[in-house]
Amino acid sequence: MEKDINELKKIIAKSDRITVLTGAGISAESGVPTFRGSGGIWRNYQVTDVATPQAFARDPELVWEFYNWRRKLISKVTFNPGHKALVELEKHVNDFTLITQNVDGLHREAGNRRFLEIHGNLWVVRCTKCGMLTMDRSQDMGRLPKCTKCGGLLRPNVVWFGESLNPDILGKAIDAARNCELMLIVGTSAIVQPAASLAFKAKAAGAELAEINIERTPQSGQMDFVLTGKAGEILPMLVENYER
Ligand code: OAD
Ligand code: ZN
């Protein structure tokens, strides 16, 4: 793997266009639970109870209880060396895009600016009646939070299963996948669409692909580099040349 890391560092150093796709694994070392695998959120919660539009229509209190639990948990943690390494990368790469499936906001908190939150953001709420978006960092939004403008029921501004991604954001993510020379795929199980297909779009357009994960994924076979280990350890190694 050391050879792979050195080889990848060289590619990073000469790439003008790098796109990164992150998933829950990059926040795992911050103490945010991932969704799948041992200790994963979907072991304790049913997707169909808390993360679909039907669930919200049926039992918005239960859905809010789940999101209040996540708000509380995430408000206690902070970004880790993996996030910081991507800030460093953004500083040094001309054409840099960070696509994240995470809703925790830790990439922004770490200092990245060129990111696309394709599954939304936990700290933004949307009125189900008038559509108003509001940033609200409360740890607890209460049982059934209401819009200050129209009194409508608020929901988290995240993408639930069965919902479409924001077409503008998805379009930008697809462009970033198609235009890059190198795509780093970090801490994602690479099974939720359309995020998972971005790597194939990048590869089809000629990019090299590098996966950073503690285990192999269904996409590992398509990768030019498979670096097995923690994002918080491998990403800092990849950018260490930049630091002085
Ligand atoms: P998953 O929980 O499916 O996958 C997390 C991945 O991170 C796994 O492949 C782990 O092996 C890896 N991992 C864990 N710790 C790591 C570490 N320290 N360093 C590197 N890798 C590590 O999370 P996602 O792939 O992000 O969607 O899941 C995708 C989407 O499914 C989420 O955005 C969410 C979820 O249901 C919605 O809620 C719409
Ligand atoms: Zn409203």
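Here the structure is shown first, and the text comes after it.
Reading guide: rules and limits
- Position labels on residues start from 1 in each chain and follow its written sequence.
- Whichever chain is written first becomes A and whichever ligand is written first becomes 1, with later ones labelled in order.
- Only residues with pLDDT of at least 70 are given local features in this predicted model, and only at 80 or more are side-chain atom pairs given and counted; all residues enter the totals for whole chains, interfaces and linings.
- Each side-chain value is worked out from all heavy atoms of the structure, with water and hydrogens disregarded.
- Here the term cavity refers to a set of points on a 1 Å grid, laid over the protein atoms alone, in which a 1.4 Å probe fits but cannot get out; the term pocket refers to an open set having protein on both sides within 12 Å along at least five of seven lines, with lining residues being those that place an atom within 4 Å of a point.
- Grid points are joined across faces, edges and corners, and a volume is the space filled by probe spheres set on the points.
- All amino acids are sorted into three groups, where Ala, Val, Leu, Ile, Met, Phe, Trp, Tyr, Cys and Pro are nonpolar, Asp, Glu, Lys and Arg are charged, and the leftover types, Gly among them, are polar.
- By the convention used here, strands pair only if DSSP detects at least 2 bridges between them.
- Numbering of helices and strands runs from the N terminus, with a helix taken as a DSSP run of H or I at least four residues long and a strand as a DSSP run of E at least two residues long.
- Helix axes are fitted only over the stretch in contact, all axes being lines through C-alpha atoms; the angle between N-to-C directions runs from 0 to 180 degrees.
- We call two residues in contact when some of their heavy atoms are within 4.5 Å.
- For the exposure calls, accessible area comes from a 1.4 Å probe over protein chains only, and a residue counts as buried if that area is under 20% of its type's maximum, exposed if over 50%, partly exposed in between.
- Throughout, near means a residue has at least one heavy atom within 4 Å of the molecule or strand.
- Counted as a polar contact is a pair of N or O atoms within 3.5 Å, where, for protein atoms, one must be capable of donating a hydrogen and the other of accepting one, and residues adjacent in sequence contribute only when both atoms are in side chains.
- Assignment to a cavity or pocket requires that more than half of a molecule's atoms be within 2 Å of the site's grid points.

**Student:** How should empty space enclosed by the protein be read in this particular structure?
**Tutor:** Unfilled space is identified by rolling a water-sized probe across the atoms. Applying the stated criterion to the full structure yields one cavity of 30 Å³ or more. Computed from the structure, the largest cavity encloses a volume of approximately 80 Å³. Every residue along the wall of the largest cavity is listed here: Ala-24, Ser-27, Val-32, Pro-33, Phe-35, Ile-41, Arg-70, Asn-102, Val-103 and Asp-104. Residue composition of the lining of the largest cavity, grouped by class: six nonpolar, two polar and two charged.

**Student:** Any chance you could explain the sheet that holds strand S3 (residues 115-117) here in plain terms?
**Tutor:** Hydrogen bonding along the main chain pairs the strands of a sheet, whether they run parallel or antiparallel. Overall, parallel pairing links the six strands, which are arranged S3-S2-S1-S7-S8-S9 in an open sheet. Lying at the two open borders of the sheet, with one neighbouring strand each, are S3 and strand S9 (225-228). Across the sheet, the axes of successive neighbouring strands diverge by a mean angle of 15°, strand direction being ignored. The pairing of strand S7 (residues 182-186) with strand S8 (residues 208-213) spans five bridges and is classified as parallel. Residue pairing across strands places Met-183 opposite Leu-209, the latter belonging to S8. Sitting on the sheet, helix H10 (residues 197-204) touches strand S1 (17-22), strand S2 (95-100), S7 and S8, and the angle it makes with S7 is about 160°.

**Student:** Which parts of the structure should I look at to understand the pairing of strand S6 (residues 154-158)?
**Tutor:** The side chains of a regular strand alternate between both faces of the sheet. With five of its five residues buried, S6 lies for the most part within the structure. Sheet topology note: the strand S4 (residues 120-127)/S6 ladder contains five bridges and is antiparallel. Its bridge partner lying in S6, Val-125 is registered against Pro-156.

**Student:** Explain the environment of Leu-73 here, please?
**Tutor:** With respect to the element layout, Leu-73 can be found in helix H6 (residues 60-75). With 70 residues separating them along the chain, Leu-73 and Lys-3 place their C-alpha atoms 38 Å apart.

**Student:** Hey, could you run me through the sheet that holds S4 in this one?
**Tutor:** In space, the three strands of this open sheet follow the order S5-S4-S6, with antiparallel pairing throughout. The sheet terminates laterally at strand S5 (133-135) and S6, the two strands that pair on one side only. In this sheet, neighbouring strand axes are inclined to one another by 40° on average, regardless of whether the strands run parallel or antiparallel. Note: S4 against S5, three bridges, orientation antiparallel. Looking at S5, one finds that Val-125 is bridged to Thr-134. Each of S4 and S6 is contacted by H6, which is oriented at about 140° to S4, the strand it contacts most.

**Student:** Explanation requested: the site of ligand 1 in the structure shown.
**Tutor:** Around ligand 1 lies a shell of 23 residues, among which Phe-35, Arg-36, Thr-188, Ser-189 and Asn-213 are the nearest. Within the side chain of Arg-36, a nitrogen or oxygen atom sits 2.6 Å from an oxygen atom of ligand 1. Residue Trp-42 places a side-chain N or O atom 2.9 Å away from an oxygen atom belonging to ligand 1. In this structure the site holding ligand 1 corresponds to the largest pocket. Of the residues contributing to the shell around ligand 1, the split by class is nine nonpolar, ten polar and four charged.

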